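# What the coordinates show
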Amino acid sequence: MEKVTLITGGSRGIGRAPALQLAAEGHWVCLSYLSRRELAENVVEEIRQQGGKALALQADVADESSVRALFTELDRRRLPLSGLVNNAGMLLPQSSIEHLDAARVNAILATNVTGTLLCAREAVRRMARRHGGSGGAIVNVSSAAARLGAPHEYIDYAASKGAVDTLILGLAKEVAPQGIRVNGVRPGFIDTDMHAAGGEPGRIARVQSTLPMRRGGQPREVAEAIAWLLSARASYVTGSFIDLAGGV
Ligand code: NAP
């Protein structure tokens, strides 16, 4: 049976890479985006030109009604979900704790934690055997920040990814009997726009000499791990993490 995989935040950065790879491996790919429709449509076009099947849908993962509408649209198109990559995420400009406020922290938690949980809920409702589903696999994109804490940069973001890690541990056990595997990837220092959103576009260039591998990572290197975790090759793997941070 054809695999149908939803990648949130598939318009650019890390999410774009598994969209391309999974489509090349035969998945029917649905990628969601927040506001950059043109970039998302470009990814879809690239996939279609390579003979793959893809679709882009707008959704704000921090908004429950938007998440519901995203999954309902997949139902309407008769695309039975077998995989979910919870990749959409955000951070805000680097800051020490003295300058954090509730609005900022809640915005980060709403996208990174609530959004991940809501998308996982909708996926489980469709994949679980007790709901007539065929099982499936979920990969959450966490971060090395969950282990490192990101002091003086974004401890709020790091804490949100710590919550994602804990969610993986609990959800994996909860839904294993339903035929659903839940795992995480923890990238670090990957070459995307996210560092500019944090106020330092040159962040990787600044830190790379301090990293064991002396370089940042590329989105396709994260995509390889995501594709493996979604595949049957990882059939006995659940509640696990793959760190992709060049040895940090
Ligand atoms: P990015 O280049 O900033 O891309 C973010 C993606 O998420 C975009 O597709 C964006 O859509 C989407 N998005 C943001 N907020 C959203 C929301 N509320 N609802 C739906 N979609 C939303 O970031 P990235 O570096 O690829 O990061 C992807 C994931 O990897 C994130 O979870 C991030 O925390 C994690 N990560 C990144 C790094 C790194 O070094 N880059 C390291 C560790 C973990 P639009 O294009 O429409 O804005």
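Conventions used here
Residues numbered from 1 in each chain as written. Predicted model: local features only at pLDDT ≥ 70, side-chain atom pairs only at ≥ 80, totals over all residues. Heavy atoms only, no water. 1 Å grid on protein atoms, 1.4 Å probe; cavity = no way out; pocket = protein on both sides within 12 Å on 5 of 7 lines; lining within 4 Å. Points joined across faces, edges and corners; volume = space filled by probe spheres on them. Helix = DSSP H or I, 4+ residues; strand = E, 2+ residues; numbered from the N terminus. Nonpolar A, V, L, I, M, F, W, Y, C, P; charged D, E, K, R; others polar. Buried < 20%, exposed > 50% of the residue type's maximum accessible area, 1.4 Å probe, protein only. Pairing = 2+ DSSP bridges. UniProt positions renumbered as here; feature names shortened; annotations may be inferred. Contact = heavy atoms within 4.5 Å. Axes fitted to C-alpha atoms, helices over the stretch in contact; angles between N-to-C directions. Parallel < 35°, antiparallel > 145°, perpendicular 65-115°, else oblique. Left-handed = near helix turned anticlockwise from the far one by under 90°.

Attention now goes to the layout of surface pockets. If you add up the space inside the largest pocket, you get close to 1100 Å³. Taken together, 45 residues form the lining of the largest pocket, with Gly89, Met90, Leu91, Thr192 and Met194 sitting closest to its centre. Secondary-structure elements contributing two or more residues to the lining of the largest pocket are helix H1 (13-24), strand E2 (28-33), helix H5 (145-148), helix H6 (155-175), helix H7 (194-197) and helix H8 (203-207). Grouping the constituent residues of the lining of the largest pocket by class yields 22 nonpolar, 15 polar and 8 charged. When its volume is computed, the second largest pocket comes out at roughly 560 Å³. Forming the walls of the second largest pocket are 31 residues, and the residues nearest its centre are Ser82, Ser134, Gly135, Gly136 and Ala137. Those elements that place two or more of their residues in the lining of the second largest pocket are helix H4 (102-127), strand E5 (136-141) and strand E6 (180-187). The residue makeup of the lining of the second largest pocket, split by class, is 12 nonpolar, 13 polar and 6 charged.

Moving on to the pairing of strand E4 (residues 83-86). For a regular strand, the rule is simple: side chains alternate between the two faces of the sheet. In E4, alternate side chains face the same way, and those of Gly83 and Val85 on one face and Leu84 and Asn86 on the other are all buried. Of the pairings in the sheet, the one linking strand E1 (residues 4-7) to E4 comprises 3 bridges and is parallel in character. Pairing of threonine 5 across the sheet is with glycine 83, part of E4. Pairing of E4 with E5, which is carried by 4 bridges, proceeds in the parallel orientation. Paired with glycine 83 across the bridge in E5 is alanine 137.

What follows is about unusual backbone geometry. Even without a glycine there, the phi angle at alanine 150 is positive, about 50°. Mapped onto the fold, alanine 150 is located in the loop between H5 and H6. A relative accessible area of 9% means that alanine 150 is categorised as buried. Phi angles above zero are rare outside glycine, and arginine 214 is one such case at about 60°. Tracing the backbone shows arginine 214 in the loop between H8 and helix H9 (219-230).

Right, let's get into the UniProt feature "domain: Ketoreductase" (unreviewed entry) in the protein chain. Following the UniProt record, the feature "domain: Ketoreductase" (unreviewed entry) maps to residues 3-186 here. In residues 3-186, the share of helix is 48% and the share of strand is 18%. The end C-alpha atoms are 24 Å apart.

A word on the environment of glutamine 218. The topology assignment puts glutamine 218 in the loop between H8 and H9. Through-space distance from the C-alpha of glutamine 218 to that of leucine 57 is 25 Å; in sequence the pair is 161 residues apart. Non-local contacts of glutamine 218, meaning those with residues more than four positions away in its chain, are made with Ile190 and Asp191.

Attention shifts here to the packing of helix H3 (residues 64-76) against H4. Viewed as axis vectors pointing N to C, H3 and H4 meet at an angle of 30°, and their least axial separation amounts to 10 Å. Our classification of the angle between H3 and H4 gives roughly parallel. Two packed elements cross with a definite hand, and for H3 against H4 that hand is right-handed. Only Leu118, Cys119, Arg121, Glu122, Ala123 and Arg126 of H4 make contact with H3, whose side of the interface consists of Glu64, Val67, Arg68, Phe71, Thr72 and Asp75. For the contact of H3 with H4, the residue count by class is 5 nonpolar, 1 polar and 6 charged.

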